[in-house]
Amino acid sequence: MPYFFHQPWFLCISSLLVSTVSAGVEVSLSLSAPSSAPKVSPNLLSFSIEQDRWTDWSGTTSRNQFLYNALDNLKTLTGAPPNIRIGADSEDHTNFNPNVEFSETIFPAISTTVPYPEAKNITVGDGFYQTAQFLPSGTHVTWGVNFGQKNLTAAFLEARSIAKAFSSSAMKDAGVILDFVEIGNEADLYVNNGARPSNWTPVNYTQEWIVFANNVSKTVGISSTSHTKFLVGGFAGSSHSTTGFSPQAIYAAGILNSAPGAFITSFSEHRYSGSFCQGSGGLLQDLMTKNTIRGNLSVFTPDIAETRKRGLDYVLGETNSYACHGAPGVSNAAGAALWTLDYTLYASQLEISHVFFHEGVGYKYNLIQPAELTRSILNGSTLGEPMAPHVQPQYYAAIIIGEALGDSGQTQAVELSIDNSRIAGYAFYEEGVLVRAVLINSQAYLKAQTTPRSSIHLDLDFSGNGQPPTAIQVKRLAIGHADDDSGLTWGGQTYETSDARVQGELEIETIQVSSGLDIAETEVVLLSFNF
């Protein structure tokens, strides 16, 4: 059936059920940026794309207008499009053939758990890499080369084609920039998938990486003066020590002291909140929970500190809700938008500079479905009618983050200390002055619930030098139920359109600070302060 678009009557009916308000929770905001408030990149939320179907995202001879629009929406808000990483699992199953125009792929059989599996073999030609020219101007790209098959020739040929594409006049005219080359994907799992022997260690990884990187650096022209550098790691997990795969282990093995290691400027970690690979999903409320989000990210604090100490950047180079493309009814649900919002903003507080949400055609946890689908993303069953390209609930989190950050390029953000297990919040500052805040109620309100939807009253308090605001503009993310998979509105508007462009009449409330505000279960509000 055609994709379900916004139905405003549904949300109006749902709002009638919001009838119980709990006692007030104090939200204290500093009028000036705390000294500890980090500056946040305008493309904090970025995308990792599974390489096997890359041209379904980009287009081949012309751009995929739906994807372009979805990315351009974010660029319009922040002044910078999301960064794009292309590679992942199929990166290590890719070979090059100059006689292939774009790509040729071989896929395994589908299953109910993984309806859209990664290709087990992909062969690409020059045109494959050249299609990055269809991304929005100003897009910064990371591209992966094959390391898993331990085929230096494959890595060399891919790297040469990448260099050819990004040095072309078409790519330069498009304003698309190659930031990083990544060698291999989740090499710490190679001993599990048979790509390396069981006694393969971080020392072996480092030694092999240096050989490949020496070759790739010469092929691509990576040097101390080049813009393009190496992104290292891309591990699926971390031992947080020198005894297993981790940044600490490869730094101790001397990777940064090698000739190509001097061109490493960033470490990448991969992180999922759980796994659906064996068909057992997690609960939506568990995913959304404030303490769970913080626990899933704060474990990397020692890795981040060690990386930053060495003058390197630290990114989540691949992440999303549940591994193996997500859990049905969870990863594709509206509640996942709240998880994405809190997860991404909290990452910024840990000095994680970019959070690359993994996407693949037909994956359950996508923010964007860029191509027509003929089978269900939930169980692989054949659809009665093809489903057109569309955005999924998590996309609204990207929009909210974009609006919260604004287009100054210098915005600082700080997590608010709120004494409530379900309410999270962040304040945003431009030139050191409070301008906006995001508040999240992560209590899941589900379709099966028969009790009225509750809300929490928030009392706002301001501290520090300066005149506090007297009025606040409020914009709300309206969600029928946490387990809905469509029908969200942001300030009364929808992005669930045929071209990914926003539609609908904008709805913004103006309230007095002294009145405070209510925030319902499974709701987000953006506050803009009038001084």
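On a predicted model such as this, the values are computed, not experimentally measured, just so you know.

Caption draft 1: Structural context of the sheet that holds strand 10 (residues 264–275). Sheet architecture is closed into a barrel: eight strands sit in the order 2-3-7-8-9-10-11-12, paired in parallel fashion. Looking at each pair of strands side by side, their axes are set apart by 25 degrees on average, direction ignored. When strand 9 (residues 229–235) meets strand 10, the two strands line up parallel, connected through five bridges. What sits directly across from Val232, in strand 10, is Phe267.

Caption draft 2: Inspection of empty space enclosed by the protein at higher detail. Overall, the coordinates contain two cavities of 30 Å³ or more when judged by the stated rule. By volume, the largest cavity amounts to about 90 Å³. In this structure, the largest cavity is lined by 13 residues; those nearest its centre are Pro42, Leu45, Leu74, Thr78 and Ala398. Only helix 3 (65–78) and helix 14 (395–405) provide two or more residues apiece to the lining of the largest cavity. When residues in the lining of the largest cavity are grouped by element, the largest group, four residues, is from helix 14. Residue composition of the lining of the largest cavity, grouped by class: 10 nonpolar, three polar and no charged. Reported here for the second largest cavity is a volume of approximately 40 Å³. In terms of residue class, the lining of the second largest cavity is built from seven nonpolar, two polar and one charged.

Caption draft 3: Here's a closer look at unusual backbone geometry. Not every positive phi belongs to a glycine, and His325 is a case in point at roughly 80 degrees. In this fold, His325 is placed in the loop between strand 11 (313–323) and helix 13 (335–349). For His325, a relative accessible area of 4% corresponds to the buried category. Not every positive phi belongs to a glycine, and Thr522 is a case in point at roughly 55 degrees.

Caption draft 4: Expanded view of the domain arrangement of the protein chain. With domains assigned, the protein chain is organised as domain 1 (25–37 + 412–529) and domain 2 (45–405). Taken together, the contacts link 45 residues of domain 1 with 30 residues of domain 2. Across the domain 1 to domain 2 interface the summed buried area is about 3100 Å²; carbon plus sulfur atoms make up 60%. Broken down residue by residue, the surface that domain 1 buries against domain 2 is led by Tyr426, Tyr495 and Arg501, which jointly contribute 20%. Run the count over domain 1 and domain 2 and you get three salt bridges. The partner of Lys475 in a salt bridge is Glu403, with the nearest N and O atoms 2.9 Å apart.

Caption draft 5: View of the confidence of the model for the protein chain. Confidence in the prediction for the protein chain averages 94 pLDDT; 95% of positions are at 70 or higher. Counted against residues more than four places away or in other chains, residues 1–18, with its pLDDT under 50, gives 37 contacts.

Caption draft 6: Quick peek at the UniProt feature "domain: Beta-glucuronidase C-terminal" (unreviewed entry) in the protein chain. As annotated by UniProt and renumbered to match this structure, "domain: Beta-glucuronidase C-terminal" (unreviewed entry) occupies residues 425–526. Its end C-alpha atoms 10 Å apart, residues 425–526 is made of 0% helix and 47% strand.

Caption draft 7: Quick look at the packing of aromatic side chains. Inspection of every chain in the model, using the stated rule, returns 26 aromatic pairs. Between Phe147 and Phe212, the aromatic rings sit 4.9 Å apart at their centres with planes inclined by 85 degrees, giving edge-to-face as the arrangement. Residue Phe147 is found in the loop between strand 7 (140–145) and helix 5 (152–166), and its partner Phe212 is found in helix 8 (residues 202–220); the two are separated by 65 residues along the sequence. Overall, Phe147 belongs to the buried group, its relative accessible area being 0%. Judged by relative accessible area, Phe212 falls into the buried class, the value being 5%. An angle of 75 degrees between the planes, with centres 6.4 Å apart, marks the rings of Tyr251 and Phe267 as edge-to-face.

Caption draft 8: A look at the sheet that holds strand 4 (residues 94–96). The sheet built from three strands is open, its strands ordered 4-6-5 with mixed pairing. Every interior strand has two partners, whereas the edge strands, strand 4 and strand 5 (103–106), have only one. The average undirected angle you get between the axes of adjacent strands in this sheet is 20 degrees.

Caption draft 9: Structural context of helix 5. When the terminal C-alpha atoms of helix 5 are compared, their 21 Å separation across 15 residues agrees well with the 21 Å that a helix rising 1.5 Å per residue should span. Turning to helix 5, its buried residues number three or more, namely Ala154, Ala155, Leu157, Glu158, Ala159, Ser161, Ile162, Ala163, Ala165 and Phe166. At the N-terminal end of helix 5, a side-chain oxygen is found 3.1 Å from the backbone nitrogen of Thr153, two or three residues along, and the residue is Asn151.

Caption draft 10: Region of interest: the environment of Asn185. Tracing the sequence through the fold places Asn185 in the loop between strand 8 (177–183) and helix 7 (190–193). Among the residues examined, Asn185 registers a relative accessible area of 5% and is labelled buried. Expressed as a C-alpha distance, the spacing of Asn185 and Gln392, which sit 207 residues apart in the sequence, is 26 Å. Residues within four places of Asn185 in sequence aside, it is in contact with Arg85, Ala88, Asp89, Glu91, Asp92, Tyr190, Gly234, His270 and Glu318.

Caption draft 11: Just the packing of helix 3 against helix 14, in detail. The interhelical angle for the contact between helix 3 and helix 14, taken along N-to-C directions, is 20 degrees, at an axis separation of 8 Å. Viewed along their axes, helix 3 and helix 14 adopt a mutual orientation that is roughly parallel. Crossing hand, helix 3 versus helix 14: right-handed. Together, Ala70, Asn73, Leu74, Leu77 and Thr78 of helix 3 and Tyr395, Ala398, Ile399, Gly402 and Glu403 of helix 14 make up the contact between the two elements.

Rules used in this analysis
- Residues numbered from 1 in each chain as written.
- Predicted model: local features only at pLDDT ≥ 70, side-chain atom pairs only at ≥ 80, totals over all residues.
- Heavy atoms only, no water.
- Pairing = 2+ DSSP bridges.
- Helix = DSSP H or I, 4+ residues; strand = E, 2+ residues; numbered from the N terminus.
- Axes fitted to C-alpha atoms, helices over the stretch in contact; angles between N-to-C directions.
- 1 Å grid on protein atoms, 1.4 Å probe; cavity = no way out; pocket = protein on both sides within 12 Å on 5 of 7 lines; lining within 4 Å.
- Points joined across faces, edges and corners; volume = space filled by probe spheres on them.
- Nonpolar A, V, L, I, M, F, W, Y, C, P; charged D, E, K, R; others polar.
- Buried < 20%, exposed > 50% of the residue type's maximum accessible area, 1.4 Å probe, protein only.
- Domains from an automatic or database assignment.
- Contact = heavy atoms within 4.5 Å.
- Buried area = accessible area lost by both parts, 1.4 Å probe.
- Salt bridge = Lys/Arg side-chain N within 4 Å of Asp/Glu carboxyl O.
- pLDDT = per-residue confidence, 0-100.
- UniProt positions renumbered as here; feature names shortened; annotations may be inferred.
- Phe/Tyr/Trp six-rings, centres within 6.5 Å; stacked < 30°, edge-to-face > 60°.
- Expected span 1.5 Å × (residues − 1).
- Polar contact = N/O pair within 3.5 Å; in protein donor to acceptor, adjacent residues only side chain to side chain.
- Parallel < 35°, antiparallel > 145°, perpendicular 65-115°, else oblique.
- Left-handed = near helix turned anticlockwise from the far one by under 90°.

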